[in-house]
Amino acid sequence: MRLRSSLFACCGLLVLLFGMALFLRGFFPAPVKSFGSAKAKLSGIPEEPVQGLTSNWTKPPSPLFGRVVIMLVDALREDFVFGPKGRQFMPHTRYLVERGSSHSFIAKAWPPTVTMPRIKAMMTGRIPGFIDVIMNLNSPTLLEDNLIWQAKFAGKRILFYGDDTWIRLFPNHFVEHDGTTSFFVSDYTEVDENVTRHLDTILKRNDWDLLILHYLGLDHIGHLAGPNSHLIGPKLSEMDNIVQKIHVELLSKEGETSLPSLLILCGDHGMSDTGSHGGSSNHEVNTPLVFLSPAFRKKDAGYKLFGIAQKSHGSWIKLYLEGNTSETLENLGKKVLRQYMDALKLMSSSLSKIVAQYDMYSMIVGTIIVVEVIFLLIVSTPEALGSTAEFEVPVSSPFYSLLFYLLCLMFAAIHVVVCTSMKTSCYFCNVSWLLVATVIVLIAAVQCVLLSTLWKRCTNGKPQHKSCATLDSSWSELDLLLLLGTFGHTLSLGSSSFIEEEHQTWYFLINTLLLVFFQDVCRKYFAASDPKGKPKQSRNPEDIYCNEQQTTIHGLLGASYCDQKDDKSKVYLRSGGSCEKWLALSSPWVVLVFCRVLRCLNQTGIQWAHEPDFGHWLTSSSHRIELSILTAIFLFLIFILVQRTCSSVSKAALALGLVGIYCYRAAVGNVTFPWKPEKHDISKGITEARFVYVFILGILFTGVKDLLKSAVAFPDTTTNCRGLWEMYNGLVLLAALLLRPHNLPVLLFILVVQMILTRFIWRILDYDAAQITIIYYWFSQVSFYFQGNSNSIATVDISAGFVGFENYVELPAVFLTLFSTYIGPLLWAVHLICYMSSERSRYCSASVGHSCYCFVLLRAIPASAYIILVTSLRYHLFVWSVFSPKLLYEGMHTLVTAAACVMFTAMDQKRMITILKN
């Protein structure tokens, strides 16, 4: 059976994605049955020992406080209370911390610093698993022993108001509750007013013991505008007033109860310098923890911090104070030190085992699938990238049929043995046998195809489809750069520092690539003849036929493509005058300058993330006029660049959509209205965003209509190309809506570079489809980091998932957040599809298949290598703070690539049908 290389690559990537999903399910296992699921009870305490001294440890301690109020402010950074902002905007809380009856601390949250895992950690005392990042969207019931269950079991009446995550974690635990959704980040006023409106009546009542308040507005402001927004100060002042109200009301009722009350002010996590959270930076893990109660003595100026520490050394301190200098004191000191170290190591090991509950069997099965697929793709490269871009799947041989059945039986036997002998529960052992049989058949089939391909390669020595003649089969500087850069980046993923600062790798590679562009352009224009005056054999597409294209990267691709010798496949380009020459010579430097400017836009990574950048300057409240002017300019330039490929109707929709984007950003307070520069009411921008969505859907509908028309009615390549470009233009408009205003230069950079490449670089230099695909992939990666993204969860802009929605709707929110995060890779992939479809005269019929295959390889190689690396480093110190977030990014990037490859495959299949009909 013969398959097109694009279809073969797409199927391989989908199988690889399935293997990655199974691996992720094992690496981030959902707790099947936690060791702490059983609730502790007083009846479970063992009785007193019969012999020996009696003790009172079995008796429950007397309560210290009568009523407790827990006020949790989401994303409350420690400097919002203990820093300059706290002194300015939270004066009452700051006064209580410094001079009042309180105890205050800087609490450190364990990553991942997202809400649901932090609530579980505070209520159970247990470090959450990293899988809770994903489960944060749909919080399951908390089964472990926790404070809420213990309070309810003790007969305490608990009230809750705020984030409805608590209600999902503790169902039927609160006698009164009113939940507010935590996902609609555009709302930072009503979400807190719905909590505060209950306080006046609740604080005057005496029918409750524990009151929990979870305020969300500060976190929503961080996601919308960052920690330096002008909205932060008023929100902190609002929280300070609430602290004062609760504190005063509790003090006024001290005479009515025998026990003092307690107010706890805390944050579940902090807030990064970009306003997000989820990572392990200091601003994300450091949160304030303030205990306010009249039971605490007021602090004196000379409070001794080491008083308690001196008592903890016990007998060693006693001997030391008595002046004992014998060897006994030294030995006892070493023993105490050794005991401390052993205890720390034991606790650290216990906590690590609690967190690292890997499902090794699921991980191994997923890894086997991934490794088989990547080896099959690499081994099949010469044939899949041959002259016809087809791959022969050997399925008819009786030997391989027998091998397939034997492998299925062997894997089934292994599965039964493993699942019956494992003491711990495993996901892959608990799924239905239908899914298990599907996985076994899939593994056996891929292995048979891999073995048959290897055998054919060893016996024949060459792929069946010979490559066509080429003018130049030697390695060029570009080939070496693309090959070494791709594999060098893959190897760098084994280092935590290279993962944290991965953007630096791509910045270096893209700058080097631009220098190679300049060298090739200079060689094209200034090295056109040899010393004897004879013109050199040209490699530009002005005078070569399709069957004379350069071979793809040797070793990685192995064969060139194109056998057609029809005169219709000649490619003629204008030789261009002096103006075109100098534009081509200057274009790499223009892009280089653009890249350097964008590096200053968003400081990303870990090492320099705290440094101020141009984005912070633009988003500060004092520079809103400058941001407004630049936003208008950027939107106008985006229209100029995009309208070239739009129909007349789409041009009007694009223009109105860009105007609507500015109105939306003005409505939410990011920019100002030119006709209303003074302060205006800030809204959610629901109407304005939906206004833009109408034009986005209209442009996308026009593109889909043209694609269906060319596919169903008649094979019209012009209509097909127009449909693809309309789809691309609709995605550009959606990207402009979701990107924050200070990130619009990134979108402008993508459009400018794509225009430069298609108008100047590709028309001058005869790069083949494989080289162009790798170059596009590199630019997509650097665009990802220019946007401010990193391998930390904190840089995910979840506010994009709520543009135009009044409430949290899961499916649109997930799609918009995913699209907003991967705007760069998606736009570059779609533009590559559009370019390959519209430039059919330059490339032969196999070029689309080759491009798709290379695109899959570029994504599959680092993803597969990283799975192997992270398995070997699963007990690394930074596995949860560095390697695990990167693993999630690799999985989502592969999913996005799979969607683009489906489009590639559909276009390639349609192109071949058109060729056969003609």
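None of these values were measured; they are calculated from a predicted model.

(A) Region of the structure containing the sheet that holds strand S2 (residues 68-73). The sheet built from seven strands is open, its strands ordered S3-S8-S7-S2-S6-S4-S5 with mixed pairing. Either end of the sheet is taken by a strand with one partner, and the two such strands are strand S3 (102-108) and strand S5 (176-180). Here the strands of the sheet are splayed against their neighbours by 10° on average, with no regard to which way each runs. The pairing of strand S7 (residues 262-266) with strand S8 (residues 286-292) spans four bridges and is antiparallel. In the strand pairing of S8, Leu263 is matched with Leu292. In this fold helix H12 (residues 232-252) packs onto S2, strand S6 (210-215), S7 and S8, with an angle of close to 180° to the strand it touches most, S2.

(B) Just unusual backbone geometry, in detail. A positive phi angle is found at Ala75, which is not glycine, with a value near 65°. Take Ala75: it is sitting in the loop between S2 and helix H2 (79-82).

(C) Region of the structure containing the pattern of salt bridges. All chains considered together, the criterion is met by 18 salt bridges. Between Arg205 and Asp207 there is a salt bridge, with the nearest N and O atoms lying 3.0 Å from each other. Across the salt bridge formed by Asp706 and Arg722, the nearest N and O atoms sit 3.4 Å from each other. One end of the pair, Asp706, is in helix H29 (residues 686-713); the other, Arg722, is in helix H30 (residues 717-738), with 16 residues separating them in the sequence. Given a relative accessible area of 34%, Arg722 falls into the partly exposed group.

(D) Representation of the pairing of strand S4 (residues 158-163) in the model. Buried residues dominate S4, accounting for six of its six residues. In this sheet, S6 lies alongside S4 in parallel orientation, the contact comprising five bridges. For Ile158, the partnering residue across the bridge sits in S6 and is Leu210. The sheet contact formed by S4 and S5 spans five bridges and is parallel. Within the sheet, the bridge partner assigned to Leu159 lies in S5 and is Glu176.

Parameters at a glance
- Residues numbered from 1 in each chain as written.
- Predicted model: local features only at pLDDT ≥ 70, side-chain atom pairs only at ≥ 80, totals over all residues.
- Heavy atoms only, no water.
- Pairing = 2+ DSSP bridges.
- Helix = DSSP H or I, 4+ residues; strand = E, 2+ residues; numbered from the N terminus.
- Axes fitted to C-alpha atoms, helices over the stretch in contact; angles between N-to-C directions.
- Contact = heavy atoms within 4.5 Å.
- Salt bridge = Lys/Arg side-chain N within 4 Å of Asp/Glu carboxyl O.
- Buried < 20%, exposed > 50% of the residue type's maximum accessible area, 1.4 Å probe, protein only.

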